[in-house]
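# A structural walkthrough
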Amino acid sequence: MRHVMALVGSRGDVQPALAVALELRRRGDEVVTGVAPNLVPLAARLGLDPVPLGIDSGALLGSDLVRRDMRSAHPVRRVRALRAVASAGWDELRTGLIALLDDVGGADTVVTGLLGQEVAAAVAERRGLAMAALHYCPVRANRVVSPVSGVRGPGATRAVWALGERVRWGLTRRAENAQRAALGLGGTRVHLPTRLRAAGAVEIQAYDPVLAPGLADEWGPRRPLTGFLALDDAARARLGEAGAGSGGSLDPGPDAGLDSWLEDGEPPVYVGFGSMPVVDPAALLAAVDAACADLGVRALVSAGWNDFSGAAGSDGPAGQSGADGQPGQTGQLGPDTKRVRVVGAVDHAAVLPRCRAAVHHGGAGTTAAALRAGLPAVVGWYSADQPMWGELLRGAGVGVARRASTLTQPGVLAGALAAVLDDATAARAAALGSRLRPPAEAVAAAADAITGAHRP
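Residues numbered from 1 in each chain as written. Predicted model: local features only at pLDDT ≥ 70, side-chain atom pairs only at ≥ 80, totals over all residues. Heavy atoms only, no water.

In contact at an axis separation of 11 Å, helix α6 (residues 90-104) and helix α8 (residues 154-182) are set at 35 degrees when each is read in the N-to-C sense. Regarding α6 and α8, the two cross each other, and that crossing is right-handed. On the side of α6, the interface is formed by Trp 90, Asp 91 and Arg 94, while α8 contributes Arg 168, Thr 172, Ala 175, Glu 176, Gln 179 and Ala 182. When the residues that make up the contact of α6 with α8 are grouped by side-chain class, the tally is three nonpolar, two polar and four charged. (Axes fitted to C-alpha atoms, helices over the stretch in contact; angles between N-to-C directions. Helix = DSSP H or I, 4+ residues; strand = E, 2+ residues; numbered from the N terminus. Left-handed = near helix turned anticlockwise from the far one by under 90°. Contact = heavy atoms within 4.5 Å. Nonpolar A, V, L, I, M, F, W, Y, C, P; charged D, E, K, R; others polar.)

Next comes the structure, spelled out in structure tokens:
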């Protein structure tokens, strides 16, 4: 079989799907991988021969549209920004995916993530191809997981989802019908979830059923819950990030001193927001340092896609662009070299088991990595699915959630950390982590679902 993967968005959107691409290749299937241009080096290091597809996700996340307009106090400007972001890069994705299919002589299946699935679904419909989508959180109407905090009960939960689907369709209908017209398809008045269900598309739920008991029974085989997806050790080694994990030494990588720092004291709190924009890195580091001083803990801060070079002091090297389009300012030291250390991207599977808690944005990938490491968490959420993950962790008794913008306010981060650093929360987190489906099983289940997808 031949599968064409159309993967756009940030690293957290793309990397889990690359694990499935590698598994499909291992089984003997042909996989053609299109990824956001800034993530081509990442996929290339995995040996997937990637093709740039869509737009640079780092540039979008760093744009005024995302950083300023989506957070505008003016409701009209905010709605316009939401509509623009929802369909950002769709023209480039459509033309790129069509060209890719033409270049390889067609495919059996188009595989996409949540972002851009409207375009991928339209292309699959136009070409008569099977469609599979990877969802890293619940995004379809259900009675089990609420998309907003404070809503309880099956009826109320489903009603909120129905409202959310109508809002999403209102934001994207015009742009989606424009894509359909460009492909020679007729316009539609039916939103995407209904059309995918009618077409028999597979929507793989790439997160663990232990966090959403009952959801698999409600949705059935066309929306299988596989477990969280992750690269295996061999793939992580190709990225130059794999380490020995808990209790072992890390590969020197970009920060040869990190292993010594981890060994030189009590397990730290991990702080990292991935691709999410940290508006004021200096203020965040000051809040982290103050929380560490108050609670008597250390912190390891991962800069992710943010530039901390002007905020982390002058003891480390200046920020420089990494292979994945990230600032990559590794090896820098924080306000107190013994108490806070700032690094660039780290391998979560190697580092998190050597920490005692995590402060993160609530992305599905980071949430999964922290859970697998048995860590309680403070979710400093920005938008999208992140508040949902914060609420799910709170409900499981292994985390608390705060809006990311509040974490730099006096006492907020320290108070949130104090709420998860107790022994009882740590024990619950360790127990929950032991119940998660192993990554290899999750990846295999996702690959099974893709190869079982049928043409419409």
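This brings us to the pattern of salt bridges. One pass over the full model with this rule turns up 22 salt bridges. Two residues, Asp 49 and Arg 25, come together in a salt bridge whose shortest N-O distance is 3.7 Å. Of this pair, Asp 49 sits in the loop between α2 (40-45) and β3 (51-52) while Arg 25 sits in helix α1 (residues 11-26), and the two are 24 residues apart along the sequence. On the basis of relative accessibility, which here comes to 58%, the residue Asp 49 falls in the exposed class. (Salt bridge = Lys/Arg side-chain N within 4 Å of Asp/Glu carboxyl O. Buried < 20%, exposed > 50% of the residue type's maximum accessible area, 1.4 Å probe, protein only.)

Read across the open sheet, the six strands follow the order β3-β2-β1-β4-β5-β6; overall the sheet is parallel. This sheet does not close on itself; its edge strands, each paired only once, are β3 and β6 (202-205). Where strand β5 (residues 130-135) lies against β6, four bridges are found, and the strand directions are parallel. Each residue of the ladder has a partner; that of Ala 133, found in β6, is Glu 203. Across the sheet, α6 touches β1 (2-7), β2 (30-35), β3 and β4 (109-112), and the angle it forms with β1 is around 160 degrees. Seen against the sheet, helix α19 (residues 439-451) touches β1, β4, β5 and β6 and runs at an angle of roughly 175 degrees to β6. (Pairing = 2+ DSSP bridges.)

Before going further, it helps to spend a moment on the confidence of the model for the protein. Per-residue pLDDT for the protein has a mean of 87; in total, 91% of the residues score no lower than 70. Note on residues 243-254: pLDDT under 50 across the span, and 28 contacts to partners over four residues away in sequence or across chains. Contacts of residues 313-334 to residues separated by more than four positions or lying in other chains number 66 contacts, the stretch itself having pLDDT below 50. (pLDDT = per-residue confidence, 0-100.)

Along the chain, Gly 187 turns up in the loop between α8 and α9 (192-199). Separated by 27 residues in the primary sequence, Gly 187 and Gly 214 place their C-alpha atoms 36 Å from one another. If we skip the residues at most four places from it in the chain, Gly 187 touches Asn 177 and Arg 180.

A separate point is the sheet that holds strand β11 (residues 377-381). Strand order in the open sheet made by the six strands is β9-β8-β7-β10-β11-β12, with parallel pairing throughout. Because the sheet does not close on itself, it has two edges, and the strands there are β9 (340-343) and β12 (399-403). Strand after strand, the sheet turns through a mean of 15 degrees between neighbouring axes, direction not considered. Looking at chain direction, strand β8 (residues 299-302) and β9 are connected through four bridges and run parallel. What sits directly across from Leu 300, in β9, is Arg 341.

The next subject is the pairing of β8. Taking every second residue as pointing to the same face, both faces of β8 are buried, with Ala 299 and Val 301 on one and Leu 300 and Ser 302 on the other. Sheet topology note: the strand β7 (residues 269-272)/β8 ladder contains four bridges and is parallel. Residue pairing across strands places Val 271 opposite Val 301, the latter belonging to β8. What joins β7 to β8 is helix α13 (residues 281-295), and the crossover it makes is right-handed. (Right-handed = clockwise from strand over helix to strand, strands pointing away.)

According to the stated counting rule, one finds three aromatic pairs in the structure shown. Measuring from ring centre to ring centre gives 6.1 Å for Tyr 207 and Trp 389, while their planes differ by 75 degrees; the resulting arrangement is edge-to-face. With Tyr 207 in the loop between β6 and α10 (215-219) and Trp 389 in helix α16 (residues 386-395), this residue pair connects regions lying 182 residues apart in the sequence. With a relative accessible area of 1%, Tyr 207 lands in the buried category. Note on Trp 389: relative accessible area 0%, which makes it buried. Centre to centre, the rings of Phe 228 and Trp 389 are 5.8 Å apart; their planes meet at 50 degrees, and the pair counts as tilted. Note that Phe 228 is positioned in the loop between α10 and α11 (233-238) and Trp 389 in helix α16, a separation of 161 residues in sequence. (Phe/Tyr/Trp six-rings, centres within 6.5 Å; stacked < 30°, edge-to-face > 60°.)

This part covers the nonpolar core. Core analysis: the largest hydrophobic core is formed by 67 residues, its most contacted members being Leu 18, Val 35, Leu 46, Leu 134, Leu 229, Leu 371 and Trp 389. At eight residues, α1 tops the list of elements feeding residues into this core. Excluding residues within four positions of it along the chain, Leu 46 makes contact with Leu 18, Leu 22, Leu 231, Ala 235, Arg 238 and Leu 239. Within the second largest apolar cluster, 32 residues are counted, among which are Leu 285, Ala 291, Ala 357 and Leu 407. (Core = buried A, V, L, I, M, F, W, Y, C linked by side-chain atoms within 4.5 Å.)

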